[in-house]
Amino acid sequence: MKKTILLSGILFISAFSNAQTSTSQNSTVEKSVTGAQIGLFGLDIYNEAKLADKIVLRSEASLFPAIWGGDMYAKTGFAFYPALTIQPKYYYNIAKRAENGKNTKNNSANYFGLQVRYIPDWFVISNDNNLSLTNQLNFIPTFGIRRNFAENFNYEFKAGFGYGTTIGYDKNVSGGVLDLSIKIGYDF
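Residues numbered from 1 in each chain as written. Predicted model: local features only at pLDDT ≥ 70, side-chain atom pairs only at ≥ 80, totals over all residues. Heavy atoms only, no water.

It is worth spelling out the packing of aromatic side chains at this point. Describing an aromatic ring pair means giving the distance of the ring centres and the angle of the ring planes. This structure, assessed with the given rule, holds 10 aromatic pairs. Plain terms: the ring middles of phenylalanine 149 and tyrosine 155 are 5.9 Å apart, the flat faces sit at 45° to each other, and that makes the pair tilted. Residue classification places phenylalanine 149 among the buried residues on the basis of a relative accessible area of 2%. Taken together, Phe149, Phe153, Tyr155, Tyr186 and Phe188 form an aromatic cluster joined through their ring pairs. The cationic tip of arginine 58 hangs over the ring face of tyrosine 46; the distance from NZ or CZ to the ring centre is 4.0 Å. (Phe/Tyr/Trp six-rings, centres within 6.5 Å; stacked < 30°, edge-to-face > 60°. Buried < 20%, exposed > 50% of the residue type's maximum accessible area, 1.4 Å probe, protein only. Lys NZ or Arg CZ within 6 Å of the ring centre and 35° of its normal.)

Structural data, given as structure tokens:
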């Protein structure tokens, strides 16, 4: 695992140092951007479809990781579980980036968004056979930074705090939901 993280970091730094800005700048978002992103907090396959000059609708299918262990558990465990998300995103500074000659390819700009995420109890990939999920629905306002480098590669940071609830049970549980993400990706 440490070797994989180290190799990913070296590739990221190498690609970033060779990045070139695009010569043609868009002052509006792209019509459609499809890609995949991976990070410590999951894997996403996504599409951003243009709704207006600075607004897109991002739809994504994700696979999130979980890990547990320590003195309280008999063994170290891991799990991967699915999630579906739609998120309107407002790229508030894309026009200013274009005016300043900065890279805006594939929606390279800062944004505000509202994630609506559904985490279903469809399947769990785990080393524990008795593991299941609770259906969840989350509403998370987010702030994010998306940048493009080395032609079709991107990195994205987002942070948000919102509301989440379990659904489909007699006694649903709800509360605050934190979302932090740092991912590197490729746009097709």
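A separate point is unusual backbone geometry. The backbone of asparagine 107 sits at a positive phi, close to 65°, despite the residue not being glycine. For asparagine 107, a relative accessible area of 0% puts it in the buried group.

Glancing now at the nonpolar core. Core analysis: the biggest nonpolar cluster contains six residues, these being Val29, Val56, Tyr91, Ile94, Ala109 and Tyr111. Leave out the neighbours within four places in its chain, and isoleucine 94 touches Asn26, Ser27, Thr28, Val29, Lys54, Thr104, Asn107 and Ala109. Within the second largest apolar cluster, five residues are counted, among which are Tyr81, Ala83, Ile119 and Leu133. (Core = buried A, V, L, I, M, F, W, Y, C linked by side-chain atoms within 4.5 Å. Contact = heavy atoms within 4.5 Å.)

This part takes up the pairing of strand 2 (residues 42–52). For strand 1 (residues 32–39) and strand 2, the ladder comprises eight bridges, and the chain directions are antiparallel. Within the sheet, the bridge partner assigned to glutamine 37 lies in strand 2 and is aspartate 44. Connecting strand 1 to the next strand, strand 2, in antiparallel fashion are two residues. Bridging between strand 2 and strand 3 (residues 55–68) involves nine bridges; their strand directions are antiparallel. Looking at the pairing, alanine 49 lines up with leucine 57 of strand 3. (Pairing = 2+ DSSP bridges. Helix = DSSP H or I, 4+ residues; strand = E, 2+ residues; numbered from the N terminus.)

What follows concerns the pairing of strand 9 (residues 174–187). Regular strands show a simple pattern: their side chains alternate between the two faces of the sheet. As paired elements, strand 1 and strand 9 share five bridges and run antiparallel to each other. Opposite glutamine 37, over in strand 9, you have glycine 185 as the bridge partner. Of the strand pairs in this sheet, strand 8 (residues 153–166) and strand 9 are connected by 13 bridges, and their pairing is antiparallel. Note on strand 9: the bridge partner recorded for phenylalanine 153 is tyrosine 186.

So yeah, pure geometry; function would need other evidence.
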